[in-house]
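A look at the structure
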Amino acid sequence: MEIVAVFAPLVGFLLAFLFGKNMGDKGAQFVTCSGIIVAAICSCILFIEVLFGGADHAGDPRTITLMTWFNSGTLAVDWALRIDQLSIIMMCVVTIVSSCVHVYSVGYMSHDKNKARFMSYLSLFSFAMLMLVTSDNLIQLFFGWEGVGVASYLLIGFWNHKDSANAASIKAFLVNRVGDFGLALGIFATFFLFGTVQLDELFAAAPDATERMMNFFGFEFHALTVVCLLLFMGAMGKSAQLGLHTWLPDAMEGPTPVSALIHAATMVTAGVFLVARLSPMFEYAPMALMVVTVVGGLTAFVAATIGMTQFDIKRVIAYSTMSQLGYMFFALGVSAYGAAIFHLATHAFFKALLFLGAGSVIHAMSDEQDMRKMGGIWKKIPTTYTLMWIGSLALAGVPFFSGYYSKDMILEAAYADHSWFGELAFWLGIAAAVMTAFYSARLLFMTFHGKTRADKETFDHAHESPPIMLVPLMILAAGAIFAGYFGYEMFVGHHQIWGETLKVLPANDTVTAAHHVPLWVKKLPIVMGVVGLFMGWLFYNKFVSAPEKAVKIFKPIHKLFFNKWFFDELYHKLFIVPSLWFGKVFFKSDKHIVDGLGPDGFAKASYGFGGLLSRFQSGYVFQYAFIMMLGLIGLISWFFIKMDLGVEPVTDAVVETTKKVGE
Amino acid sequence: MIDFAILSLLIFLPLVGVAFILLIRGDENRVARNSRYVALYTTIFTFILSIYMLIKFDGTSAEFQFVEKHDWLPSLGIQYHVGVDGISLFFVILATLLTPICILASWNSIKMRVKEYMIAFLVLETFMIGTFCALDAVLFYVFFEGVLIPMFIIIGVWGGPRRIYSAFKLFLYTLLGSVLMLVALLALYLEVGSSDIPTLMASPVAQNMQIWLWLAFFASFAVKMPMWPVHTWLPDAHVEAPTAGSVILAGVLLKMGGYGFLRFSLPMFPEATEFFAPMVMWLSVIAIIYTSLVALVQEDMKKLIAYSSVAHMGFVTLGIFSATTQGVEGGIFQMLSHGIISAALFLCVGVVYDRLHTREISRYGGLVKNMPKYATVFMILMLGSVGLPGTSGFVGEFLTLMGAFQVDTVVAVFATTGVVLGAAYMLVLYRRVVFGTQKNDDAAAMKDMNKLEYSYLIPLVLLVLWLGIAPSYVMDKVAPSVEKLIGQYESGLKAKPEGTDLATAKQIKIGNAE
C-alpha cells in the first residue's frame, strides 16, 4: 500500500515519458491521471489507518526499507518510506491537489502539442515530492528536494522556445541551489556532529547535544544552532523566503497548473515541512528558531507589500503565496509546528484553487494575464467567478473559511510566544493580513467587475471553462471551505494527532497557550481582514480613480514595492555580473599568465635556449673537446662529492642545497 | 578465483587485435572496414572478459586479486607483477567499457588512416589497463607514460586545426611531471631496494625523503589530474582531439592522476600527505571555483565541458586528501561517475559536431524541436554532471564534500559553492544549445540520433542512472580496499619516529618560500 502510494506516479511518469508517442495523448493522460489518483486513494486509506487505526495497527508510525542506497564507512543511507502522522498528512495534501491538477491539465493543455511530456513531468514531480515527505533520512530527503527542483525546472521551462521561460527556469534552479548549498552543508554538519543522517537516530541524539560546540568557518558556535541554520537556508530557498525568493514570481512563466501544484500548494511548502520534520532538533536551537521567526515575519510583510502593486494576475497570487509561506515560517519559529502544518494544508487547497481559477480566467481571456486588460467578465464566467471568491475569502481569513482557522491560530501563537520576535512577527502578520485582504479584493474587482478593459474580440470570446477543468476546482473549493473547520481539532485543537512526530518543549508550547490569549488578539485578524476587503472595494470598485491618486502621493514607496524592493537588480549587480567578469578574467589569465609562464613560456625559452645551443655547434673540434673536458671534470667532481656524503645520497643532498638556497 | 592469467589476457588482448589489423591487406576501403570490425570485436571481447573478472572478484577482500608475478629484469629485482583490488577494479572496467564505445563513435567520423587510428586505440587500451593493473612501480611507469604516445598521435594526427600545438602542450606538460616522477621512482627504488608496489607500501621511508618523493609524484599526478594551475593543457587537448580522443581523455586518462594518488601518495608517503593535504585541498577549491567560472563564459562546447572536468576533478582531489572514508570513497566514485558522464557528454557534442562541424554554442539552438531524443539524453547527462541525486554524479560529489567537511569546514563551504556554479554553466549550455528559438537553419535541419549513436549513448545513460540509484554495488566492492588504504595511511602517521616530524619539513618549506 505504502509503496503503491509513492511509486504509482513514477510508473505514470515512466510510461507517459517513454511511450508517450506510442500511446498517444489520451493514453498518456490516462496513465498519469490514474497513477496519481491511485496514489491519492492509497494515501487516504493510509491516512485513516495511521491516524485512526487505533491499537490494532501496532507499529504505526512505520518505516519500510526498500533497499540500500549507499554505505560509506559509518554513513549508511537507505531508500526507505517513513509513514507517520506528518508524512501521511503531507502525502494526502500532495496527492489530492496533484490529482486535481492532473485532471485540470487535461483540459487546460488541450491546445498544446506536448501533452504527454507535460503530464509525465507532473507525475515526476509528484513522485519526487512523495519521496521527499516520506524519507526517513536526510539524504533521501535531499533526493526528493532536488527532484522536485528539477521537475519544477522542467515545468517552468516547459514552453522552451520562450526565452523568458528558459531564463526563469534556470533562475529557479540556481536560486534553489543556493538554498541547497546550505542544506547540503547542514547535512554534512549533522553527520559530523551525530555520525548519522537517520532521522530517528538524530532525534534521539539531539537532546544530548545541546551543550556541544562545533568549529565552523574558524569560529566556535553552538553546534545545533549551526546545523539548524544551515538546514533552514535550504528551506528558505525552496520556500521562497526573503532573500532567496526572487525565483518564485518569475516561475509564473510556467503553465498555470504548474504554478498551482508546485509554486503554491506543494513544493514551496517543502521548507515548512523540513523544519516541522526536524522539530526535535530545532527545539534545542532557540537562536535558530528566532531567525526562522524573523525571516518568516519579514517575508509575510514584504511579499504582501509587493502583492498590492502587481498587475499580472498570477504574480499577485505568487506574492500572496510567498506571504503565506512567511506566516507558516513564523509559526514554526514560535514552535507552533501544528499550526504551520495546518496552514500548509488549508493554504494548499485555497491557493491551488486561486491559481487554477486564475488559469480558468486566463483560458477564458485568450491567454491574457494582465489585470489591466480584464474587468467586467463575471457574468461570462460565473462559476469561475464564484470559485475565485471562495478562494479569496479563505485567503483573506474571513470567518468559517479554512484560512480563518489556520491563520488566526498562527497569529495567536505568535502573540502567545511572549518574546520580542514573536511580538514582531505578530504585528508584521497583522499588517500583512490587511494587505492580503486588500489585494485579494483588488484582484477580484479588477478582474471581474467594472467596465471591461479588454479588447472587444477577447471579451466576446470569453467563455466558461469545460467541466474537466471546473470539477477539480470544485473539489478544491470544498477543501478551501471545510478543511479549516474539520482540521482544527486534529491539527491544533485539544485532540491533536501528532504523537511524537512534532516535538515541542513544554516551555515553548504556544499552540496550547494560544487558546488563552486576550480577546482582542483573537478578533483583530478578522477585523483586519474585513477592513482590507472593504478598502479594496473602495479603491477598485467604488472610486476607481483612487488608486492612481494614492500612487501619486506615495510615489517613492510605491516605486519600491512595484519594483519588488529591487532584489533582482541588487542580485544581478552583486552576483551575476561579478561571476561573469571573474570568469572572463580567469579565462584570460589561463591564456596569458598560466600558459605564459608555463608551456608557452617554456616553449619560447627553449627556442631561445636552442638558439644558444646551436652556437655551440660551431664545427670546431677544439671547442667540442673543451666542452667534453668541462663535462668530465664536472662528473668526476660530482662523484667525489657524492662519495663524501656517504649513504643517503640523492635526497639529502637536495635538501641541503635547498636549505642553503633558502638561507 | 580464476585459474588463468586473466589480467595479462586483458592487458595484451588488444595487442592481438593490433596484430590482426596489421595482417589486413587489400584496397583502402576494405582495410578500413576490416580494421574497424577487428578493433570492435577485440574491444568488445576484452570488455566481456573484464565483466567476467568483475563477477569473479571477491568484493569482501581488500587484497590484490588475480595476481600474476613473473621475473622481468631479474638482475634488478624488477618483476612483471599485476593484480587488482577494489580501488583499481572499476577503473579497468571503465577503460574496457569506453574503448569499444570510442571505436563505435569513430565508425563514420574517421575516414583518414582508419587502420592506424584503430591500432592507436588498441595500443592505448593496453596501456590503460596495464596502468591500473600494474603492481610494480617500473611496470606502472612504463604503462603510465606509454599512454601518452598513442594519445599524442591521436590528437596530433586526427585532431582539429590547432592539433600540433595542443599535442605538444599535452606532451610537454605531462612529460615534465613524468620526469620528476621517474627520478622519484629511482630514488625510492634505491632507498627501499625494490620496485614492488605492495613492498613499497609496507616499507616506510624517512620523513624528509617522503616530502621530496611526494612532491615529485605530485608533479606528475597533478598534471594528469589535472589540478589548477597545471590544467591548461586539458581544454586545448579536448578541443583539438577527435570525439573519441576526448572520450578516452576525459573518461580514463584523467583518472590516472587520482589513481596514482591513491596507489602511491597516500599509502607510501602518509606523513608528507598529511603535511601537504591542506595545500592540495585549497588547490582543489581554487580549481572548483576558478574553472567553474571560466566554464561559465565559454563559447565552445568542448572547452566548456573540459573546464567542467577540471572542476569535477577538484572534488576528487578534495575527497582523496581529506583522507576520510567518505572522502576517499567519494573521490573514487566521482572519478568513475565523471568517467561515464563526461565521456557521454563529449559523445553528445560529437553527435552534433558530426552534423554541423562546429563546436560553437551560438551556432546551435532550439535542437529540442528537431532532435527530441537527443535532447532527452543530453538532459539526463547534463543533470548527472550537475550532480542531481539519483544520478551517479551526486554520490561522488556529496561524499567528497562530506569528507572534506570533517577535516576543514572552510574548505568545505567554498567547495560546496561548486554545486551552484556547476549547475549554472551546465544549465546555460543546455539552454543555449537545446532550448530557445531555432535561429540557425542548418542546426534546425539536423536529424535526430541514429541507431549507431543510440547504441553507445543509451548504455551510458542507463549506467548513470543505475549508479545513481544503486551505487552500493560498486561502493561495497571498493570499501574494503579503501578501509585498508586508510588503515595504512593512519598507521603510517602513528609510526612516525619522534623528533623527525614536521618541524624539519616546515623549515624546508619556509626555506623554499624565502
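Since this is a predicted model, take the numbers as computed values, not measurements. (Residues numbered from 1 in each chain as written. Chains lettered and ligands numbered in written order. Predicted model: local features only at pLDDT ≥ 70, side-chain atom pairs only at ≥ 80, totals over all residues. Heavy atoms only, no water.)

The next subject is the confidence of the model for chain B. Residues and elements named next belong to chain B. Overall, the prediction assigns chain B a mean pLDDT of 88, with 96% of residues at 70 or greater. For the stretch residues 498-514, pLDDT sits under 50, and the model shows 22 contacts to residues farther than four places along the chain or on other chains. Taken over the whole predicted complex, pTM reads 0.89, whereas the ipTM for its chain interfaces reads 0.90. (pLDDT = per-residue confidence, 0-100. Contact = heavy atoms within 4.5 Å.)

Another aspect to go through is the pairing of strand 1 (residues 62-72) of chain A. Residue and element names in this part refer to chain A. Here nine bridges tie strand 1 to strand 2 (residues 75-83), and the two strands are oriented antiparallel to one another. Of the residues in strand 2, the one forming a bridge with R62 is I83. Linking two consecutive strands that pair antiparallel, namely strand 1 and strand 2, is a turn of two residues; a positive phi of about 60 degrees is found at G73 within it. (Pairing = 2+ DSSP bridges. Helix = DSSP H or I, 4+ residues; strand = E, 2+ residues; numbered from the N terminus.)

Let us now look at the interface of chain B and chain A. At the interface, 70 residues of chain B touch 64 residues of chain A. The contact between chain B and chain A buries some 5,900 Å² in all, and 73% of this surface belongs to carbon and sulfur atoms. The largest share of the area that chain B buries against chain A comes from B:F398, B:F405 and B:R431, three residues that together contribute 11% of it. Linking chain B to chain A there are one salt bridge. A:D163 is the salt-bridge partner of B:R431, the closest N and O atoms lying 3.9 Å from each other. Connecting chain B to chain A are nine residue pairs in polar contact (both at pLDDT 80 or more). Class assignment of the residues belonging to the side of chain B that touches chain A gives a composition of 43 nonpolar, 19 polar and eight charged. (Buried area = accessible area lost by both parts, 1.4 Å probe. Salt bridge = Lys/Arg side-chain N within 4 Å of Asp/Glu carboxyl O. Polar contact = N/O pair within 3.5 Å; in protein donor to acceptor, adjacent residues only side chain to side chain. Nonpolar A, V, L, I, M, F, W, Y, C, P; charged D, E, K, R; others polar.)

A cluster of nonpolar side chains, namely A:I3, A:L66, A:M67, B:I458, B:L462, B:L465 and B:I469, defines an oily patch on the protein surface of about 520 Å² accessible area. Sorting the residues of the nonpolar patch by element identifies strand 1 of chain A together with helix 20 (451-469) of chain B as the ones contributing at least two each. At four residues, the largest contribution of residues to the nonpolar patch is made by helix 20 of chain B. Here B:L462 is to be found in helix 20. Exposure remark for B:L462: the relative accessible area of 51% places this residue in the exposed category. (Patch = residues over 30% accessible without salt bridge, like charges linked within 9 Å, V, L, I, M, F, W, Y side chains within 5 Å. Areas by Shrake-Rupley, 256 points an atom, 1.4 Å probe, with all protein chains shown as cover. Buried < 20%, exposed > 50% of the residue type's maximum accessible area, 1.4 Å probe, protein only.)

Quick look at the packing of helix 3 (residues 86-105) of chain B against helix 14 (residues 325-356) of chain B now. All names here are of chain B. The geometry of helix 3 relative to helix 14 is characterised by a closest axis approach of 10 Å and an angle of 5 degrees between their N-to-C directions. With respect to helix 14, the element helix 3 is oriented roughly parallel. In this structure, helix 3 uses I87, F90, F91, L94, L98, I101 and A105 to contact helix 14, whose residues at the interface are I332, M335, L336, G339, I340, A343 and L347. Counted by class, the contact of helix 3 with helix 14 contains 13 nonpolar, one polar and no charged residues. (Axes fitted to C-alpha atoms, helices over the stretch in contact; angles between N-to-C directions. Parallel < 35°, antiparallel > 145°, perpendicular 65-115°, else oblique.)

On to the environment of B:A134, then. Residues and elements named next belong to chain B. Within the secondary structure, A134 sits in the loop between helix 4 (114-133) and helix 5 (137-146). Measuring from C-alpha to C-alpha, the distance between A134 and V82 comes to 4.6 Å, with 52 residues separating the pair along the chain. Sequence-distant contacts of A134, defined by excluding residues within four places in its chain, comprise H81, V82, L139, F140, F143 and I197.

Looking at the secondary structure, you find B:F264 in helix 11 (residues 243-268). Excluding anything up to four places from it in sequence, B:F264 contacts B:A137, B:F140, B:I197, B:F217, B:F221 and B:F269.

Residues and elements named next belong to chain A. By the definition in use, this model includes 22 salt bridges over all chains. The closest approach of N and O atoms between D370 and R372, which form a salt bridge, is 3.1 Å. Since its relative accessible area comes to 17%, D370 is described here as buried. Using a relative accessible area of 42% as the deciding quantity, one classes R372 as partly exposed.

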